[in-house]
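# Secondary and tertiary structure notes
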Amino acid sequence: QVQLVESGGGLVQAGGSLRLSCAAAGSTFSLNAIGWYRQAPGKQRELVAAISSYGGTNYADAVKGRFTISRDNAKNTAYLQMNSLKPEDTAVYYCNADPSFGMVLKGLGSWGQGTQVTVSS
């Protein structure tokens, strides 16, 4: 099992940017696919973006063109660069990791504790 810690959340104005980090320990990071999920109050958790062990990416339609997922295997860290933020991006953001990309796309890997992102109007 991989242990994950998210960081980088905060309060920003609409149109602003944040970069979230997902630091991993406890397994070989390079072998894991990583997904970023978010959950707003009263709503189901949804996939935002995912990156495979080889660097292939998936994005939710709502964030395509605004968010970029990346990874730095030397630092055992995955990132979510969020630009042009909107109030509807407000949520707790979680990372999910598993050797299987398919498992990550289903949110069935290991979870971090989450980091709060709040976007004001």
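Here is a short report on the structure shown in this document. Please read all numbers here as calculations on a predicted model, not as lab measurements. Every chain's residues receive numbers from 1 upward, in the order its sequence appears when written. Residues qualify for local features only when their pLDDT is at least 70, as the model is predicted, and side-chain atom pairs are given and counted only at 80 or more; totals for whole chains, interfaces and linings, by contrast, use all residues. The side-chain values count all of the structure's non-hydrogen atoms but skip hydrogen atoms and water molecules.

## Here's the deal with the pattern of salt bridges
Just so we agree on the cut-off: For this analysis, a salt bridge means a side-chain nitrogen from Lys or Arg found within 4 Å of a carboxyl oxygen belonging to Asp or Glu. For the exposure calls, accessible area comes from a 1.4 Å probe over protein chains only, and a residue counts as buried if that area is under 20% of its type's maximum, exposed if over 50%, partly exposed in between.
For the structure shown, the criterion picks out four salt bridges. Close ionic contact of Arg-38 with Glu-46 constitutes a salt bridge, the shortest N to O distance being 2.8 Å. For Arg-38, a relative accessible area of 7% gives the class buried. The residue Lys-64 makes a salt bridge to Asp-61 at a minimum N-O spacing of 3.6 Å. As far as the burial class goes, Lys-64 and Asp-61 line up, both exposed. Several salt bridges converge on common partners, so that one network encompasses Arg-38, Glu-46, Arg-66 and Asp-89.

## Observations concerning the packing of aromatic side chains
What counts is decided by this rule: Working definition: rings of Phe, Tyr and Trp (its six-membered ring) pair if their centres are within 6.5 Å, and the pair is stacked with planes under 30 degrees apart, edge-to-face with planes over 60 apart, and tilted otherwise. In this text, helices come from DSSP runs of H or I with a minimum length of four residues, and strands from runs of E with a minimum of two, each type numbered from the N-terminal end.
Scanning the entire structure with this criterion turns up two aromatic pairs. Measuring from ring centre to ring centre gives 5.1 Å for Tyr-37 and Trp-111, while their planes differ by 75°; the resulting arrangement is edge-to-face. Note that Tyr-37 is positioned in strand β4 (residues 33-39) and Trp-111 in strand β10 (residues 110-111), a separation of 74 residues in sequence. A relative accessible area of 6% places Tyr-37 in the buried class. Overall, Trp-111 belongs to the partly exposed group, its relative accessible area being 32%. Where Tyr-94 meets Trp-111, the ring centres are 6.2 Å apart and the plane angle is 85°; that geometry is what we call edge-to-face. Of the two residues, Tyr-94 is situated in strand β9 (residues 91-98) and Trp-111 in strand β10; the sequence distance between them amounts to 17 residues.

## Focus: the sheet that holds strand β8 (residues 77-82)
How we decide: Criterion used throughout: strands pair if DSSP finds at least two bridges between them. Helix axes are fitted only over the stretch in contact, all axes being lines through C-alpha atoms; the angle between N-to-C directions runs from 0 to 180 degrees.
If you walk across this open sheet you meet the four strands as β1-β3-β8-β7, and the pairing is antiparallel. Here the strands that pair on one side only, and so sit at the sheet edges, are β1 (3-7) and β7 (67-72). Averaged over all neighbouring strand pairs, the angle between strand axes comes to 15°, with direction disregarded.

## Some details on the environment of Ala-78
To keep things clear, this is the line we draw: Only heavy atoms enter the contact rule, under which two residues are in contact if any of them lie within 4.5 Å.
Along the chain, the position of Ala-78 falls in strand β8. Taking relative accessible area as the criterion, Ala-78 reaches 0% and is therefore assigned buried. With sequence-adjacent residues up to four places away left out, Ala-78 is seen in contact with Leu-20, Ser-21, Cys-22, Phe-29, Ile-34, Trp-36, Ser-70 and Arg-71.

## Thoughts on the side chain of Ser-110
Following the sequence through the fold, Ser-110 ends up in strand β10. Relative accessible area serves as the criterion here: at 8%, Ser-110 is assigned to the buried category. Dropping the residues within four chain positions of it, Ser-110 is found in contact with Gln-1, Val-2, Leu-4, Cys-95, Asn-96 and Ala-97.

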